[in-house]
Amino acid sequence: MATSQKIISLSYSRRKIALIIGIGDYIMGKQLPNAINDAKDMSKELKKIGFIIHNDGEAKLNLTYKEMRRTLTDFECSIEKGDMVLFYFAGHGTQWEDQNYLIPINNFKEENETKVELSGSDLKKYSINAQNLLNNIDDREPFLIMFFLDCWRTYHLRHMELQRNTREYSNNNSLHGLQSMPIKVGSLIAFACAPGTTADEGNNQEKNGLFTKYLLQHISKPNEDILEILRDVTRDVINESNKKQIPHVTSVLTHRNIYLNEIKQDSFESSIKQLSISTMNKSTIKQKQKTKFQQNGTIVAGGNGDGNQLNQLYCPQGIFVDENKNIFIADCDNHRIFGWKCDEKQGQIIAGGNGEGERIDQLNCPSDVIVDQQNHSIIIADRGNRRVMRWSRDQKQQILIQNVDCWGLTMDQHGFIYVSDWKKNEVRKWKLEKINENKEGTLVAGGNGKGNQRNQFNFPMFIFVDKDQSLYASDEKNHRVMKWRKDAKEGIVVAGGNDEGNNLNQLNGPRGLFVDEWNQIYVADWGNNRIMRWCEGDEEGEIVVGGNGKGSESNQLNCPYGLSFDSEGNLYVSD
């Protein structure tokens with residue numbers, strides 16, 4: 001057994017507050033339309049990951065000096081000890097006498113009833129001193145201060161002799177950037193580019209400046225340290241600008257693992273929302289038999305095309321819905337177990353996600369997943385690696401069973417885990433707490449070679465065990481579902497078994513399987529794009545959802561794979 005190091009973060013549950021300011025419609029000098037977009041988009045992205053955006057939840061745009069001063073004072077007063085504080089500014093900025101200044105929209109002063117550009121000596125009176133702002137925030141004793149300044153645009157002061165102190169001019173007529181700022185313990189300052197240079201504002205085709213473009217792409221990464229995020233931003237900015245723009249990051253951080261978007265790893269209560277899983281609402285599975293389902297499903301996880309982003313899935317197979325309606329997905333071609341909680345826009349990697357491989361922290365085409373509530377872990381059919389694995393809350397990994405061509409998993413109330421072996425055409429069980437004492441397990445069903453007799457399987461896939469320890473298995477290439485009572489030598493056909501077809505007494509490559517308390521058998525009828533319900537002894541089943549042809553409409557399925565129910569009787573299908 002091998003384990004991964006447990007990562008402890010100090011950022012979870014801390015209050016996260018942010019002030020976002022964007023100024024673009026300057027009264028004098030160059031206007032910066034991208035600065036407005038930058039601020040709006042940054043506000044939206046931070047809200048997605050739990051930040052409180054100061055005042056009314058929106059970015060502050062085109063503020064005058066008085067408005068900016070008042071907003072900053074209110075923001076400083078709102079900060080509480082131990083907060084994570086983020087300040088973002090997009091607009092004009094400049095330096096004077098070794099101090100950095102943020103320029104408000106009214107970047108002028110009145111002389112003889114005429115608006116004139118600011119000189120260097122005017123900055124103290126008509127703009128915001130960034131160092132003073134940092135000092136004021138630090139006085140509130142936050143846990144962390146983050147300064148993001150995307151204000152390295154060219155800015156002209158009024159007189160040529162004064163412009164020598166700005167980014168535009170120096171004695172050799174080169175660009176002159178902002179001044180590096182003295183930093184406080186527990187703070188991080190990120191400038192869009194290095195001192196002495198200016199930033200790319202973006203072109204007409206792009207709505208964001210280059211630095212903010214990549215900051216938006218990376219800042220929401222779950223469980224990623226802020227310094228790692230900024231390394232990624234720096235790399236991407238350097239690459240796209242061909243080394244003409246190099247972000248400048250300084251920090252004095254005394255803690256590791258500071259996450260802006262932390263998803264707790266010691267809890268699996270962050271499981272599904274948008275797969276091509278369809279949720280069919282049902283009043284309750286405990287109400288009565290033959291319950292009718294709504295025929296228009298709702299996408300609750302994925303549904304954003306094939307891919308490996310946190311809002312995408314790639315060939316989802318087995319699924320499991322726990323008692324808290326958290327959905328766990330064997331995201332096969334992404335080599336990961338994915339979790340999604342209803343009403344969330346993206347999911348979370350629960351296990352794997354480190355590329356296809358056989359390392360202890362990798363998976364290879366996982367086909368099924370179940371939750372072991374008692375031991376606070378998940379158990380995975382790591383099909384491509386021919387092993388069954390346990391991943392616990394603290395991210396420890398354990399190989400439970402090796403050298404097994406596993407496909408489906410299930411567990412009974414007595415602590416036995418059942419595994420279907422599609423190559424040996426059998427199902428075996430192991431007592432979890434004594435798994436090392438019986439590495440071969442106990443044969444439960446099949447084991448008599450490939451075939452269509454009642455003691456045989458031909459490619460067993462998903463399995464289910466009821467309270468009486470009767471085993472149900474989808475016998476894929478025999479187009480049937482078999483039931484094996486405890487200690488039986490052969491099974492009985494309880495669904496299909498009349499060759500491949502789409503009649504009500506037939507199945508076509510059955511996959512996912514679930515049996516309710518009335519022994520009603522729900523089957524993902526893969527080749528017929530429907531979910532069927534059978535009762536033991538019935539000659540025909542009934543279509544409960546789908547059966548309207550292959551498609552992506554809300555009343556259609558496209559090769560349904562896994563299925564599960566939640567505690568309220570809603571049906572979930574990996575589509």
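These lines cover the structure that appears in this document, whether it is placed above or below. As the structure is a computational prediction, the values presented were derived from the model and not from experiment.

As a further point, take the sheet that holds strand β32 (residues 520-525). Strand order in this open sheet of four strands is β31-β32-β33-β34, and the pairing throughout is antiparallel. Each edge of the sheet is formed by a strand with only one pairing partner; in this case those strands are β31 (510-515) and β34 (542-546). Across the sheet, the mean angle separating the axes of adjacent strands is 25° when strand polarity is ignored. Sheet topology note: the β32/strand β33 (residues 530-535) ladder contains six bridges and is antiparallel. Across the sheet, residue Asp 525 finds its bridge partner in β33, namely Arg 530.

Here we come to the nonpolar core. Counting residues in hydrophobic clusters, the biggest one holds 67 residues, and the most contacted among them are Ile 20, Leu 46, Phe 87, Phe 89, Phe 147 and Phe 148. In terms of residue count, strand β4 (residues 84-90) provides more of this core than any other element does, seven residues in total. Contacts of Phe 148, omitting those with residues within four sequence positions, involve Leu 86, Phe 87, Tyr 88, Phe 89, Leu 188, Ala 190, Phe 211, Leu 215, Ile 226 and Leu 230. Core analysis: the second largest hydrophobic core is formed by 24 residues, Phe 514, Ile 521, Ile 531 and Phe 565 among them.

Right, let's talk about helix α6 (residues 210-218) for a bit. Most of α6 is tucked away: eight of the nine residues are buried. Here α6 has its buried residues at Leu 210, Phe 211, Thr 212, Lys 213, Tyr 214, Leu 215, Leu 216 and His 218. On the buried face of α6, the contacting elements are α1 (33-48), β4, β10 (144-150), β11 (187-191) and α7 (226-240).

With respect to the element layout, Gln 469 can be found in the loop between β27 (460-465) and β28 (471-475). Engagement of the side chain of Gln 469 in a polar contact is seen with the side chain of Lys 486, the distance being 3.1 Å.

What follows covers the pattern of salt bridges. Taken as a whole, this structure holds 26 salt bridges when the rule is applied. One salt bridge in this structure joins Asp 41 and Lys 207, with 3.2 Å as the shortest N-O distance. Placement of Asp 41 in helix α1 and of Lys 207 in the loop between β11 and α6 is noted, with a sequence separation of 166 residues between them. Close ionic contact of Lys 81 with Glu 141 constitutes a salt bridge, the shortest N to O distance being 3.6 Å. Placement of Lys 81 in the loop between α2 (65-78) and β4 and of Glu 141 in the loop between α4 (130-138) and β10 is noted, with a sequence separation of 60 residues between them. By relative accessible area, Glu 141 is classed as partly exposed at 47%.

Among all residues except glycine, the phi angle is most often negative; among peptide bonds, the trans geometry is most common. The backbone phi angle of Asn 242 is positive, close to 55°, even though this residue is not glycine. Within the fold, Asn 242 resides in the loop between α7 and β12 (248-252). Here the phi dihedral of Cys 559 falls at roughly 60°; this positive angle occurs in a residue that is not glycine. Residue placement: Cys 559 occurs in the loop between β34 and β35 (563-565). Overall, Cys 559 belongs to the partly exposed group, its relative accessible area being 21%.

The next thing to look at is the packing of α6 against α7. Between α6 and α7, whose axes approach to 9 Å, the crossing angle comes to 140°. With respect to α7, the axis of α6 lies oblique. Classified by chirality, the crossing of α7 by α6 is right-handed. Every residue of α7 that contacts α6 at Leu 210, Phe 211, Lys 213, Tyr 214, Leu 215 and His 218 is listed here: Ile 229, Leu 230, Asp 232, Val 233, Arg 235, Asp 236, Val 237 and Glu 240. Partitioning the contact of α6 with α7 into residue classes produces eight nonpolar, one polar and five charged.

With that settled, consider the packing of aromatic side chains. A full pass over the atoms with the stated rule returns nine aromatic pairs. The interplanar angle of 25° and the centroid separation of 5.0 Å between the aromatic rings of Trp 422 and Phe 459 together place this pair among those described as stacked. Separated by 37 residues along the polypeptide, Trp 422 in the loop between β24 (416-421) and β25 (426-431) and Phe 459 in the loop between β26 (442-446) and β27 bring together distant segments of the chain. Members of the aromatic cluster, joined through ring pairs, are Phe 464, Phe 514, Tyr 522 and Phe 565. The ring of Phe 416 carries the charged tip of Lys 429 above its face, separated from the ring centre by 4.5 Å. A cation sits over an aromatic face here: Arg 511 above Tyr 561, 5.0 Å from the ring centre.

What counts, and at which threshold
- Residues numbered from 1 in each chain as written.
- Predicted model: local features only at pLDDT ≥ 70, side-chain atom pairs only at ≥ 80, totals over all residues.
- Heavy atoms only, no water.
- Pairing = 2+ DSSP bridges.
- Helix = DSSP H or I, 4+ residues; strand = E, 2+ residues; numbered from the N terminus.
- Axes fitted to C-alpha atoms, helices over the stretch in contact; angles between N-to-C directions.
- Core = buried A, V, L, I, M, F, W, Y, C linked by side-chain atoms within 4.5 Å.
- Buried < 20%, exposed > 50% of the residue type's maximum accessible area, 1.4 Å probe, protein only.
- Contact = heavy atoms within 4.5 Å.
- Polar contact = N/O pair within 3.5 Å; in protein donor to acceptor, adjacent residues only side chain to side chain.
- Salt bridge = Lys/Arg side-chain N within 4 Å of Asp/Glu carboxyl O.
- Parallel < 35°, antiparallel > 145°, perpendicular 65-115°, else oblique.
- Left-handed = near helix turned anticlockwise from the far one by under 90°.
- Nonpolar A, V, L, I, M, F, W, Y, C, P; charged D, E, K, R; others polar.
- Phe/Tyr/Trp six-rings, centres within 6.5 Å; stacked < 30°, edge-to-face > 60°.
- Lys NZ or Arg CZ within 6 Å of the ring centre and 35° of its normal.

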